[in-house]
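Secondary and tertiary structure notes
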Amino acid sequence: MIPSLHRPTQVVVETDKIRENIATIQAHLPKKTQTFAVVKANAYGHGAQEVAQAVEDQVDAFCVSNLDEALELRTAGIAQDILILGVVMPDNLRLARAYRITLTVASLEWLDQAQAFAKDLRGLQVHLKVDSGMGRIGFRDAESLNKAMTALEAAGCEVAGIFTHFATADEADVSFFEQQLTRFKTILADLDKLPPLIHSSNSATSLWHADTVFNAVRLGAAMYGINPSGQALDLPYPLEPALSITSELVHVKEVPAGSQVGYGATYVSLFDEVIGTLPIGYADGYTRDMQDFYVLVDGHFCPVVGRVSMDQITIRLPKVYPIGTRVTLLGTDGANQITATDIAAYRQTINYEVLCLLSDRIPRVYR
Ligand SMILES: *Cc1c(COP(=O)(O)O)cnc(C)c1O
């Protein structure tokens, strides 16, 4: 999709804040911990290439979710290792190898199928995935891992790492986290041989279980400055959100009491009011359930009134403002702030989803 450049709606990304967040987190982790920057889903809406280029010198590798995301980074000139966290279908193995993309091996069945496409796995680098309780992908016992490692090495493949993923690292109750950790450690102890990289920490684990680092962390949410627990746990140290959404008033009118606004005429003004219109809607990822939430104009909170349309929303203003007045839909204006976590709480979802849903129609601007 072509971003809509001739419209004042923008996602502004401050890459310096991402850099600061990474440095802050690294300062709280054991020295020599490797940092993998997770830039899947267009870097959580921040722009994968731009973020990767901005933090390249601070991190050891990148993680993405699929082969196309990996190829995007590689063709943009990113030289570090790029680990695909999900399962790549076995017939894409040669393409991954050609671009020096690191694959996750999560089952013996996958390995059998992959070897039907390439018996000789020289030049391919992989990490093994352990399912310690997340229940999505990965080996669940040491015996099959040992078999996989033997087969991979016999085929000339470089087994560079082994990792697992926690389901509840962002929760106050640590019982399932501890159960997963024990399972992972037990499996590691039963392996014939350990790959050089061992990693289990996403953002939540890096923040609230900093002692659980093996020798690398996979940082997503935290480097973008969002709290991976939402409102459940306080951050152990401050991080700065790097993304804001701004737009401008494109239409302003005074309406008498009793005026309808938007599809379904769900809003009827109680008083003589000032209604402003903004060029953003659910096609931009500003979802329909944002009705009755608020935006910032001139430092004041202003309610979103009436339905969110595909391309426009309407807000109630405290007074008449000129066309072109800046509006902050996510971010800071004066003393007030709207965070992805605030929006997520209102929408009963998570801040990750709020950012990932921002569509390609909104241009990303880098500061
Ligand atoms: C997405 C993902 C991460 C990053 O998670 P955050 O909570 O954003 O830090 C790490 N590891 C795996 C396996 C993932 O899928």
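Our structure's up above, just so we're on the same page.
Residues numbered from 1 in each chain as written. Predicted model: local features only at pLDDT ≥ 70, side-chain atom pairs only at ≥ 80, totals over all residues. Heavy atoms only, no water.

Attention shifts here to the side chain of Gln-115. The residue Gln-115 is located in helix H6 (residues 108–117) in this model. Each residue touching Gln-115, except ones within four places of it in the same chain, is listed here: Leu-121, Ala-151 and Ala-155. (Helix = DSSP H or I, 4+ residues; strand = E, 2+ residues; numbered from the N terminus. Contact = heavy atoms within 4.5 Å.)

Each pair of packed helices can be described by the angle between their axes along with the distance between the axes. Interaxial distance between helix H1 (residues 15–27) and helix H3 (residues 48–55) falls to 10 Å at its minimum, and their mutual angle equals 55°. Between H1 and H3, the interaxial angle falls into the category oblique. Note on packing geometry: the crossing formed by H1 with H3 is right-handed. Residues Thr-15, Ile-18, Arg-19 and Ile-22 of H1 pack against Val-51, Ala-54 and Val-55 of H3. (Axes fitted to C-alpha atoms, helices over the stretch in contact; angles between N-to-C directions. Parallel < 35°, antiparallel > 145°, perpendicular 65-115°, else oblique. Left-handed = near helix turned anticlockwise from the far one by under 90°.)

On to the nonpolar core, then. Counting residues in hydrophobic clusters, the biggest one holds 97 residues, and the most contacted among them are Leu-128 and Tyr-286. Not counting the four nearest positions on each side in its chain, Tyr-286 is found in contact with Ile-280, Gly-281, Phe-293, Tyr-294, Val-295, Val-304, Val-308, Ile-313 and Leu-329. In terms of nonpolar packing, the next biggest core, distinct from the first, is built from 9 residues, Ile-25, Leu-207, Leu-219 and Tyr-237 among them. (Core = buried A, V, L, I, M, F, W, Y, C linked by side-chain atoms within 4.5 Å. Buried < 20%, exposed > 50% of the residue type's maximum accessible area, 1.4 Å probe, protein only.)

In terms of burial, strand S18 (residues 326–333) is largely enclosed, as 6 of its 8 residues are buried. Bridging between strand S15 (residues 294–297) and S18 involves 2 bridges; their strand directions are antiparallel. Paired with Val-297 across the strands is Val-327, a residue of S18. Summarising the sheet, S18 and strand S19 (residues 336–338) pair through 3 bridges and their orientation is antiparallel. What sits directly across from Gly-331, in S19, is Ile-338. (Pairing = 2+ DSSP bridges.)

The environment of the ligand is formed by Val-38, Lys-40, Tyr-44, Leu-85, Arg-136, His-165, Asn-202, Ser-203, Arg-218, Gly-220, Ala-221 and Tyr-352. Measuring from an oxygen atom of the ligand, one finds a side-chain N or O atom of Ser-203 at 2.5 Å. Between the ligand and the protein, one listed contact pairs an oxygen atom with a side-chain N or O atom of Tyr-352 at 2.6 Å. Broken down by class, the residue content of the shell around the ligand amounts to 5 nonpolar, 4 polar and 3 charged. (Near = heavy atom within 4 Å. Polar contact = N/O pair within 3.5 Å; in protein donor to acceptor, adjacent residues only side chain to side chain. Nonpolar A, V, L, I, M, F, W, Y, C, P; charged D, E, K, R; others polar.)

Moving on, we get to unusual backbone geometry. At Lys-32, a residue that is not glycine, the phi angle is positive and equals roughly 75°. Its place among the elements puts Lys-32 in the loop between H1 and strand S2 (34–38). A relative accessible area of 84% means that Lys-32 is categorised as exposed. Although it is not a glycine, Ala-41 adopts a positive phi angle of roughly 50°. Mapped onto the elements of the fold, Ala-41 is located in helix H2 (residues 40–44).

Quick look at the sheet that holds strand S7 (residues 158–164) now. Pairing within the closed barrel is parallel, and its 8 strands lie in the order S2-S3-S4-S5-S6-S7-S8-S9. Along the sheet, successive strands turn relative to each other by an average axial angle of 30°, direction set aside. Of the strand pairs in this sheet, strand S5 (residues 101–105) and strand S6 (residues 125–130) are connected by 3 bridges, and their pairing is parallel. Of the residues in S6, the one forming a bridge with Leu-103 is Val-126.

Right, let's get into the pairing of S6. Most of S6 sits out of view: 6 of its 6 residues are buried. With H6 bridging S5 and its parallel neighbour S6, the resulting β-α-β unit is right-handed. (Right-handed = clockwise from strand over helix to strand, strands pointing away.)

For the structure on display, the rule yields 7 aromatic pairs. Ring geometry for Phe-184 against Phe-214: centres 5.2 Å apart, planes inclined by 90°, an arrangement best described as edge-to-face. Here the residue Phe-184 occupies a position in helix H8 (residues 175–189), and Phe-214 occupies one in the loop between helix H9 (203–208) and strand S9 (216–219), the gap between them amounting to 30 residues. Taking 4.1 Å as the distance between ring centres and 20° as the angle between the ring planes, the aromatic pair formed by Phe-293 and Tyr-294 counts as stacked. (Phe/Tyr/Trp six-rings, centres within 6.5 Å; stacked < 30°, edge-to-face > 60°.)

Mapped onto the fold, Arg-183 is located in helix H8. Look at Arg-183 and you get partly exposed, because its relative accessible area is 35%. For the pair Arg-183 and Ile-162, spaced 21 residues apart in the sequence, the C-alpha separation amounts to 14 Å.

Here the focus is the pattern of salt bridges. Counted according to the given criterion, the structure contains 12 salt bridges. The closest approach of N and O atoms between Lys-17 and Glu-240, which form a salt bridge, is 3.8 Å. Placement of Lys-17 in helix H1 and of Glu-240 in the loop between S9 and strand S10 (243–248) is noted, with a sequence separation of 223 residues between them. Put simply, Arg-19 and Asp-57 hold a salt bridge, and the shortest N to O gap is 2.8 Å. Residue Arg-19 is located in helix H1, and its partner Asp-57 is located in the loop between H3 and strand S3 (61–64); the two are separated by 38 residues in the primary sequence. Taking relative accessible area as the criterion, Arg-19 reaches 26% and is therefore assigned partly exposed. (Salt bridge = Lys/Arg side-chain N within 4 Å of Asp/Glu carboxyl O.)

What follows deals with H1. Its 13 residues give H1 an end-to-end C-alpha distance of 19 Å, which sits within 8% of 18 Å, the value for a rise of 1.5 Å per residue. For H1, the complete set of buried residues consists of Thr-15, Ile-18, Asn-21, Ile-22 and Ile-25. An end-on view of H1 places all buried positions within 115° of arc, on one side of the element. Contact partners of the buried residues in H1: strand S1 (10–13), H3, S9 and strand S20 (364–366). (Expected span 1.5 Å × (residues − 1). Arc of directions from axis to C-beta.)

By themselves, these observations are geometric and do not establish any function.
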